[in-house]
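Remarks on the overall topology
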Amino acid sequence: MRHDHIISAKQLSRADIEEVLDHAAAIAADPGAYADRHADTLLGMLFFEPSTRTKMSFTTAMKRLGGDIVDMGSVESSSVKKGESLADTVRVVEGYADALVLRHPMEGSAKMASEFVDVPLVNAGDGAGQHPTQTLLDLYTIRENAGFDDLTIGIMGDLKYGRTVHSLAHALTNVDARQHFVSPESLQLPRSVRYDLHQEGAEVREHTELDEILPELDVLYVTRIQRERFPDESEYREVAGQYQIDSETLAAAKDDLTVMHPLPRVDEIAHDVDDTDHAKYFQQAHNGVPVRMALLDLMLGGEPE
Amino acid sequence: MRHDHIISAKQLSRADIEEVLDHAAAIAADPGAYADRHADTLLGMLFFEPSTRTKMSFTTAMKRLGGDIVDMGSVESSSVKKGESLADTVRVVEGYADALVLRHPMEGSAKMASEFVDVPLVNAGDGAGQHPTQTLLDLYTIRENAGFDDLTIGIMGDLKYGRTVHSLAHALTNVDARQHFVSPESLQLPRSVRYDLHQEGAEVREHTELDEILPELDVLYVTRIQRERFPDESEYREVAGQYQIDSETLAAAKDDLTVMHPLPRVDEIAHDVDDTDHAKYFQQAHNGVPVRMALLDLMLGGEPE
Amino acid sequence: MRHDHIISAKQLSRADIEEVLDHAAAIAADPGAYADRHADTLLGMLFFEPSTRTKMSFTTAMKRLGGDIVDMGSVESSSVKKGESLADTVRVVEGYADALVLRHPMEGSAKMASEFVDVPLVNAGDGAGQHPTQTLLDLYTIRENAGFDDLTIGIMGDLKYGRTVHSLAHALTNVDARQHFVSPESLQLPRSVRYDLHQEGAEVREHTELDEILPELDVLYVTRIQRERFPDESEYREVAGQYQIDSETLAAAKDDLTVMHPLPRVDEIAHDVDDTDHAKYFQQAHNGVPVRMALLDLMLGGEPE
């Protein structure tokens, strides 16, 4: 893999993806072998909006490689408050760190920022834009549990606003997955995403009912339907309730169905699913560590074993 | 000591307590010997409410053992804001860390959280509930300065709401200390705590005036009387003023009286006490480091020397 | 250099300054040689007001020396909220750390705090008072780019309120620099600073127009003119506009003019200056790392090579 910056999952070829996932698998199999690999490396953390999970996961990944972080802290306590531009901020921080992780509310910000720095930069989410390491850990979890061959996946919930979903759907065209999208009509895939998927030759179907396709699925990827998308609470409750699953729902699924969720969940997945073998969403979150270790290691000049 | 999680000082036997304190003393005597003991260990810090002192102390302890932390950051910047349950949060974070420290405003939260994770969890305060490492560092300070044999201790201030006091009083029944409680009538020990202490055979007396028992004390443990417990400012001032000490007050005490305070103090202890040999409250705060190092080391599988 | 605490640039002799800068240069030339120098050292970070840049720079410096930090976090989450005095806070934290860095809004706070602790303390800004490491990194940048011999420097912008400027001006009297101050009349040097500089024998001139002296300058140090210093927006715009520079302005300057700025900038320096050889303000920010590494190393007992 030869990318200076990781801005979008779209920049990664199938070969790039397999390289990262293979390297992540090697790390997961023997993490101790990587414990001192980047002992003098500092990762600059620039989080312009809150993100516990992603930030902790990158922090853990860097520390598990023997390195450490330098954290800008919250925007409230930063120079940004004084009117500093993002370009200036990243140019200052590249003097402290060997690589940067950037989360910023503005779409396109990561690409822009990357043009001002010489150290590698990873996009950890740029507003409605991209979040490539989330896509990579999703792919890793799918590959570990269901494999990429002859894969049928259902993606359910808010398909209109979900950055995670769009990025994953795009990446899955690389492995020729059959993709079923399940959502209320008001939250279907945006026309532009649907168009792109068709252009890339993806096999895509859309549904309003999960039970139409649940028995065929190898993977069910559930996302949250947000209250604020609906004009009133009662409409929200009625709609959202149709896209919640519990262990009873899953009785109609394959025995080895993998259930995923980017977390945090509210009530899209009932707690009685947690104890079934279907539940892989906590493992999915944990997979962020070896996947980000692999990506950082490759960017910082490690060679895959 | 064989405890997977440390939730309450009540779960610790006298032997457990002595084991932790002995190990802390060994660490304090030769901290350099422990500097690389847990070099690849990450401690997950989950602080759902502010706590500078406890958080810095745990952080220092882990780093002095050669390890590092992964910090969730403030609740404002976390997934909790999006409605995630505590059970989900700890299940995600256990994928990042080798042990967890949890502070949460809800009594019972640490016990509940511990049932969802496989890594060791330490309760760093659960609302009005327990804060076992504070109790251990208090015991360590008492043992180092006054010893446990034939011990007479006075505990003064807010005895009604003080979690620290209840936990310490309970633990002191293990060493057969004579306990004197000194407080305004409105802030006396809760009936339930008094009952428990009697059930455990503790020798307990209650007072409204410090000078009744000051000359007998080996240790005086002072706590803060909070303004918000009183309906009006003038009543607060009148009452609180009677439970403040200065070097003049201490003229009536034994020469080797140990004065403790969990800190932060406001004006319960006058600054002229700081320069006397009685003042052990800063040492007490510092003792949190070897005590937490000892506890973490034992939980993570170290053997006491 | 034998200083227990670094409170003010004024306490540093010319020899002290040269020692720190020489050591910083040695570190910058071979940073790897210092990567494990203070492997078991913890630096306590006490930032009572926000400061991204300074905090990240000190953090980086300590970690590049192999050590680590223990951070108090924001004041909102600290014991200070409960009414703890600064003296108590530093006395607690010195039990956790091997050295302290303090930023506090109150002038004189660093000096006061240093009297309560036995570990070395560095002032990272005390309100309108001192910020000695900023001065040292400014001096380092000047020495690297223009040298101290026969130096002519222009300092422009808000000279009335700028702590950075006062401290730098004072330090430059050590190297006999010719100092030109350029500002609107309402933001000229305070009388007390001007008086001090004259007392120290400094060669000082004041101007309202940059073009009067630009061609003579070896260094131009630009600072921000803050909106809030002016009663209305239109007056601010008119005045501030006269103290902004762009590449066209610099056509009248020496080819090797060094342009500096303590950052963050808003629009005092146009972006077209960034790509010229004059622009040293990002390098200046980066220089904070070797300079703070040098200072910490000297304070912690390292010997200059």
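As the structure is a prediction and not an experimental result, all values here were calculated from the model.

What follows concerns the overall build of chain A. If you tally the helices and strands in chain A, you get nine helices and nine strands. Taking 19 Å as the expected radius of gyration for a compact globule of 305 residues, we find that chain A reaches 19 Å, a close match to that expectation. Structurally, chain A occupies a C-alpha span of about 55 × 45 × 40 Å along its principal axes. Evaluated residue by residue, chain A yields a buried proportion of 62% over its 305 residues. For chain A, the proportion of contacts with a sequence separation of at least 24, taken over those separated by at least 6, is 71%. Approximately 11800 Å² of chain A is accessible, and the part contributed by carbon and sulfur atoms is 44%.

All names here are of chain A. Across the sheet, five strands lie side by side as β7-β6-β5-β8-β9; this open sheet has parallel pairing. Two strands close off the open sheet at either side, each with one partner strand: β7 (203-207) and β9 (258-260). Across this sheet, the average inter-strand angle for adjacent strands is 20°, counted without regard to direction. Pairing between strand β8 (residues 219-222) and β9: three bridges, direction parallel. Residue pairing for β9: Val219 is matched across the bridge by Thr258. Each of β5 (152-156), β8 and β9 touches helix α5 (residues 132-145); the most contacted strand, β9, lies at about 165° to it.

A few words on the UniProt feature "binding site: carbamoyl phosphate" (unreviewed entry) in chain A. When the UniProt feature table is mapped to this numbering, "binding site: carbamoyl phosphate" (unreviewed entry) covers Arg53, Thr54, Arg103, His131, Gln134, Leu263 and Pro264 of chain A. For Arg103 of chain A, the location among the structural elements is in strand β3 (residues 99-104). On the accessibility criterion, Arg103 of chain A (7% relative accessible area) is buried. Beyond its immediate stretch of four places on either side in the chain, Arg103 of chain A contacts Leu46, Phe47, Phe48, Glu49, Pro50, Ser51, Thr54, Ala124, Gly125, His131 and Arg163 of chain A. Inspection of the secondary structure assignment puts Leu263 of chain A in the loop between β9 and α9 (281-299). When residues no more than four places from it in sequence are discounted, the contact partners of Leu263 of chain A are Arg53, Tyr281, Phe282 and Ala285 of chain A together with Val92 of chain B.

Okay, the packing of aromatic side chains next. Scanning the entire structure with this criterion turns up six aromatic pairs over all chains. Looking at Arg292 of chain A, its charged tip hangs above the ring of Phe58 of chain A, at a distance of 4.8 Å from the centre.

Residues and elements named next belong to chain A. With 13 residues, helix α2 (residues 52-64) extends 18 Å from end C-alpha to end C-alpha; this agrees with the ideal 18 Å at 1.5 Å per step. In terms of burial, α2 is largely enclosed, as twelve of its 13 residues are buried. The complete set of buried residues in α2 reads Thr52, Arg53, Thr54, Met56, Ser57, Phe58, Thr59, Thr60, Ala61, Met62, Lys63 and Arg64. Count one or two residues on from α2 and you reach Gly66, which has phi positive near 95°.

Further remarks concern the side chain of Thr54 of chain C. All names here are of chain C. Assignment of secondary structure puts Thr54 in helix α2 (residues 52-64). Look at Thr54 and you get buried, because its relative accessible area is 7%. The residues contacting Thr54, other than those within four sequence positions of it, are Phe47, Arg103, Ala124, His131 and Arg292.

Moving on: the sheet that holds strand β3 (residues 99-104) of chain C. Residues and elements named next belong to chain C. Taken in spatial order, the four strands of this open sheet run β2-β1-β3-β4, and their pairing is parallel. Because the sheet does not close on itself, it has two edges, and the strands there are β2 (68-71) and β4 (121-126). Taking the axes of each pair of neighbouring strands and ignoring which way they run, one obtains an average angle of 20° across the sheet. Docked against the sheet, helix α3 (residues 86-93) engages β1 (42-47) and β3, running at close to 155° with respect to β3.

Time to look at the domain arrangement of chain A. All names here are of chain A. Split by domain assignment, chain A resolves into domain 1 (9-130 + 287-299) and domain 2 (133-285). Inter-centroid distance (C-alpha atoms) of domain 1 to domain 2 is 26 Å. Summing both partners gives a buried area of about 2100 Å² for domain 1 against domain 2, and 56% of it is carried by carbon and sulfur. Taken as a group, Arg14, Leu21 and Asn287 account for 31% of the area that domain 1 buries against domain 2, more than any other trio of residues on that side. Taken together, domain 1 and domain 2 are joined by two salt bridges. The closest approach of N and O atoms between Arg143 and Asp22, which form a salt bridge, is 2.8 Å. Here domain 1 is connected to domain 2 by twelve residue pairs in polar contact (both at pLDDT 80 or more). Here the side of domain 1 that touches domain 2 gets nine residues from one element, more than from any other, and that element is helix α1 (residues 14-29).

Contact with chain C, which involves 23 residues of that partner, is made by 23 residues of chain A. Each partner contributes to the roughly 2000 Å² buried at the junction of chain C and chain A, and carbon and sulfur atoms together form 54% of this total. Looking at the side of chain C facing chain A, the largest losses of area belong to Thr52, Met56 and Arg64 of chain C, adding up to 29% of the total buried there. On inspection of chain C and its partner chain A, the count reaches five salt bridges. Among the salt bridges present, the one from Arg64 of chain C reaches Asp98 of chain A, with a minimum N-O distance of 3.1 Å. Linking chain C with chain A are twelve residue pairs in polar contact (both at pLDDT 80 or more), by the criterion used here.

The rules behind these values
Residues numbered from 1 in each chain as written. Chains lettered and ligands numbered in written order. Predicted model: local features only at pLDDT ≥ 70, side-chain atom pairs only at ≥ 80, totals over all residues. Heavy atoms only, no water. Helix = DSSP H or I, 4+ residues; strand = E, 2+ residues; numbered from the N terminus. Rg over C-alpha atoms; globule rule 2.2 N^0.38 Å. Buried < 20%, exposed > 50% of the residue type's maximum accessible area, 1.4 Å probe, protein only. Contact = heavy atoms within 4.5 Å. Areas by Shrake-Rupley, 256 points an atom, 1.4 Å probe, with all protein chains shown as cover. Pairing = 2+ DSSP bridges. Axes fitted to C-alpha atoms, helices over the stretch in contact; angles between N-to-C directions. UniProt positions renumbered as here; feature names shortened; annotations may be inferred. Phe/Tyr/Trp six-rings, centres within 6.5 Å; stacked < 30°, edge-to-face > 60°. Lys NZ or Arg CZ within 6 Å of the ring centre and 35° of its normal. Expected span 1.5 Å × (residues − 1). Domains from an automatic or database assignment. Buried area = accessible area lost by both parts, 1.4 Å probe. Salt bridge = Lys/Arg side-chain N within 4 Å of Asp/Glu carboxyl O. Polar contact = N/O pair within 3.5 Å; in protein donor to acceptor, adjacent residues only side chain to side chain.

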